[in-house]
Amino acid sequence: MVQSPASPNSFRLGPVLIIAAVVGIAAVAFAYTAGWLSPQRLTPKKLVAALAPPGGPALGHRRNHAKGICFTGTFEANGDGSSLSRAPVFARGQYPVLGRFNLGTPDPDAADATVRVRGLGISIKTPDGQEWRSAMINAPIFPVSTPQGFYELLTASGSKNPDAMKKFIAAHPEFITFLGWAKGGPWTGSYAEERYNSLDSFLFVDGSGATHPIRWSLIPAAQPVSVPPDELAKRGPDFLEQEITQRVAAGPQRWSLVVTEANPGDSTADPNKAWPADRRTVEVGTLTVQQIEPERDGPCLNINFDPTVLPAGITTSDDPFPAARSAAYSRSYNSRTAEASHYPGTDTGAR
Amino acid sequence: MTTSRKRFTAPQRLLHWLMAICILSMLFIGVGMVSTITSKYLTLVQIHKPLGIAILVLALIRLTLRLIYKAPALPPDLPEPIKLGAELSQYVLYALMISMPLIGWGMLSAASYPVVLFGSLHLPSILPLSPTLHTWLWRAHHYLAFAFFATILMHVGAILFHKLIRNDGIFETMAPVLTRNQPK
């Protein structure tokens, strides 16, 4: 576009060089910002790709927590959360909930008894149009301390090198605490008997503008019954989905939402470190799951339970995970919605 | 659609330079935010949304001013292909300034994300939840962003060509301050 077939002036090199330099520098700055000149940058693309099993991701499905089932229900706030956060969701009242029970696996066809981590995604809407989304898991701590560490965990566990995990654990000794739960913690026979934890720390902002570093958990009303995993394996590959469907059909299932406030000095940046058990807790309301729907054609299928969708009154803290999760979930969402035709539409589909 | 004025009016020039800063920032923020998983991701996303809406509002004001005040005529001795390029590029830039924020807004709506501007201030959803619509809009937003940046690079290259090589007064029509004596 910059060449003139009929320039009135004779050709001068100087101005042409200036133009090339300005345009060239702008283009290089853009490429740098996009990460094209920084192959080491941990991008959402890399992180999400690392989640995929050796055969590649299950097209049309979430790239992690791929197996799940939708639910709808309500969150009934008792008003006690309002002292910690001015988010309208804590004002006494009942708000509609959309959610998803899920398993921490990239394989939508994984047998339920083979997956250690169970999760719950939730979206609560208030009448003013604000929304709070969260994705919690049943583990009491996160496997690693940083998103980079999580990427290294995925890389090591997918590696063919027999020493990869050993090396990873040497570099990330915090993983051993998680292994303690993974190997020694109880298994239950129901999504309804699990406690789901935010793990990540957030900040509640109260009416005066003061911030409170907090974490939250959904604590089941149902009494957890410990069942060994080899016993669970006999119940069939989809026993969790079948069980929760029957259970909720027989009667709504409840969890209380309990917020734990950090003491000064507690680490908010590391979800691998549990806070001491004596920290102040506030029960802020009750989640009631009223109806289960299969994910296919269900209301949760095309929802991204991005933990950074927050109402005014809740913000992220110095915990680096919510940002990393948001970036990765978005990438996963964009990929899977573009592959919607691959999502099994009938029983003769991928299953 | 031209005026006998030698320069764009002051409000038009102000909007041009203000929007130049906004749009360039927006493109760098957009391409940067999708490349990182650090906390910068959230900061950039939180700027991207309200800035996009600000650009949409400014672009609509600017289009109105353009229709009222029009543009100074191009120099009569400008070769036809360049004249065509100059006029076409303006249509392209206006189309992108207005469509990109709308596509972004529609894309978030089609994915059922709340479109939060600041705090509790959010925009209504403008499309129903639809993976198909989301995919089309997401792709459009993605590819048009690169097309937008390329168009801006051409725009900058072209105006420097007019100023440094032809020195034909076109740069002065939009210059924030007078950089030479006005042609008589």
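Note that this is a predicted model, so its numbers are computed, not measured. (Residues numbered from 1 in each chain as written. Chains lettered and ligands numbered in written order. Predicted model: local features only at pLDDT ≥ 70, side-chain atom pairs only at ≥ 80, totals over all residues.)

**Some thoughts on the overall build of chain B**
Part 1: Along chain B, the regular secondary structure elements total five helices and four strands.
Part 2: Seen in sequence order, chain B has helices and strands lined up from the N terminus as β-α-α-β-α-β-β-α-α.
Part 3: Here the C-alpha coordinates of chain B stretch approximately 55 × 30 × 30 Å along the principal axes.
Part 4: Residues counted as buried form 30% of the 184 residues belonging to chain B.
Part 5: Long-range contacts, defined here as pairs at least 24 residues apart, represent 69% of the contacts in chain B between residues at least 6 apart. (Helix = DSSP H or I, 4+ residues; strand = E, 2+ residues; numbered from the N terminus. Buried ≥ 20, exposed ≤ 12 C-beta atoms within 10 Å, placed from the backbone. Contact = placed C-beta atoms within 7 Å.)

**Thoughts on the overall build of chain A**
Part 1: Each helix and strand in chain A was counted, giving eight helices and 10 strands.
Part 2: Seen through its C-alpha atoms, chain A measures out along the principal axes to roughly 90 × 55 × 45 Å.
Part 3: When burial is assessed residue by residue, chain A has 42% of its 351 residues classed as buried.
Part 4: Sequence separation of at least 24 residues holds for 73% of the intrachain contacts in chain A that already meet a minimum separation of 6.

**A short note on the domain arrangement of chain A**
Part 1: Segmentation of chain A into domains returns domain 1 (13-41) and domain 2 (67-320).
Part 2: Taken over C-alpha atoms, the centre of domain 1 of chain A sits 44 Å from the centre of domain 2 of chain A. (Domains from an automatic or database assignment.)

**Describing the packing of helix α3 (residues 80-110) of chain B against helix α4 (residues 131-166) of chain B**
All names here are of chain B.
Part 1: Two elements in contact, α3 and α4, have axes separated by 9 Å at closest approach and are oriented at 150 degrees. Between α3 and α4, the angle falls in the class roughly antiparallel. The interaxial crossing formed by α3 with α4 has left-handed handedness. Contacts from Ser89, Val92, Leu93, Leu96, Met100, Ile103, Gly104, Gly106, Met107 and Ala110 in α3 reach Leu133, His134, Leu137, Trp138, Ala140, His141, Leu144, Phe148, Thr151, Met154 and His155 in α4.
Part 2: A class-by-class count of the residues in the contact of α3 with α4 yields 14 nonpolar, seven polar and no charged. (Axes fitted to C-alpha atoms, helices over the stretch in contact; angles between N-to-C directions. Parallel < 35°, antiparallel > 145°, perpendicular 65-115°, else oblique. Left-handed = near helix turned anticlockwise from the far one by under 90°. Nonpolar A, V, L, I, M, F, W, Y, C, P; charged D, E, K, R; others polar.)

**Things to note about helix α2 (residues 40-69) of chain B**
Part 1: If you check α2(B), its first and last C-alpha atoms are 41 Å apart, about what 30 residues at 1.5 Å a residue would give, namely 44 Å.
Part 2: For α2(B), the full list of buried residues reads Tyr41(B), Leu44(B), Lys49(B), Gly52(B), Ile55(B), Ala59(B) and Arg62(B).
Part 3: At its buried positions, α2(B) is contacted by α8 (321-338) of chain A together with α1 (10-33), α3 and β3 (115-118) of chain B.
Part 4: Just downstream of α2(B), Lys70(B) is the residue with a positive phi angle, here 60 degrees. (Expected span 1.5 Å × (residues − 1).)

**Some remarks on the interface of chain A and chain B**
Part 1: Contact with chain A, which involves 48 residues of that partner, is made by 38 residues of chain B.
Part 2: Within the residue set of the side of chain A that touches chain B, elements represented by two or more residues are α1 (13-33), α2 (44-51) and α8 of chain A.
Part 3: Looking at side-chain class alone, the side of chain A that touches chain B contains 30 nonpolar, 15 polar and three charged residues.

**Remarks on α1(A)**
Part 1: End to end, α1(A) covers 30 Å across 21 residues, agreeing with the expected 30 Å (1.5 Å per residue, within 8%).
Part 2: Count one or two residues on from α1(A) and you reach Gly35(A), which has phi positive near 90 degrees.

**A word on the confidence of the model for chain A**
All names here are of chain A.
Part 1: Per-residue confidence for chain A gives a mean pLDDT of 95; residues scoring 70 or more make up 95%.
Part 2: Considering only residues more than four positions removed or in separate chains, one finds that residues 1-7, a stretch of pLDDT under 50, has 17 contacts.
Part 3: Here residues 346-351 is modelled with pLDDT under 50, and outside its nearest four sequence neighbours on either side it reaches four contacts, counting other chains as well. (pLDDT = per-residue confidence, 0-100.)

**Here we look at the pairing of strand β2 (residues 93-103) of chain A**
Part 1: As paired elements, strand β1 (residues 67-77) of chain A and β2(A) share 11 bridges and run antiparallel to each other. Bridge assignment links Cys70(A) to a residue of β2(A), and that residue is Arg100(A). (Pairing = 2+ DSSP bridges.)

**Section: the pairing of strand β7 (residues 211-220) of chain A**
All names here are of chain A.
Part 1: With seven of 10 residues buried, β7 is to be regarded as a mostly interior element.
Part 2: Note: strand β5 (residues 196-197) against β7, two bridges, orientation antiparallel. Residue Tyr196 lies in a different strand from β7, and its bridge partner there is Leu218.
Part 3: As paired elements, strand β6 (residues 202-205) and β7 share four bridges and run antiparallel to each other. Bridge pairing links Leu203 to Pro213 in β7.

**Concerning the confidence of the model for chain B**
In low-pLDDT regions, the fine details of the predicted coordinates are not to be read closely.
Part 1: Here chain B averages 94 in pLDDT, while 96% of its residues score no lower than 70.
Part 2: As a predicted assembly, this complex carries a pTM of 0.94 together with an ipTM value of 0.94.

**Considerations on the nonpolar core**
Soluble globular proteins: nonpolar side chains tend toward being buried together.
Part 1: Leu218(A), Leu287(A), Ala328(A), Ile37(B) and Met107(B) are the most contacted members of the largest nonpolar core, which has 92 residues in total.
Part 2: Broken down by element, this core gets its largest block of residues, eight residues, from α3(B).
Part 3: If we skip the residues at most four places from it in the chain, Met107(B) touches His134(B), Leu137(B), Trp138(B) and His141(B). (Core = buried A, V, L, I, M, F, W, Y, C linked by C-beta atoms within 7 Å.)

**Section: the environment of Ala10(B)**
Residue and element names in this part refer to chain B.
Part 1: With respect to the helices and strands, the residue Ala10 is situated in helix α1.
Part 2: According to the C-beta neighbour criterion, Ala10 is exposed, with 9 such atoms within 10 Å.
Part 3: In this structure, the C-alpha to C-alpha distance between Ala10 and Ala175, residues 165 residues apart in sequence, is 10.0 Å.

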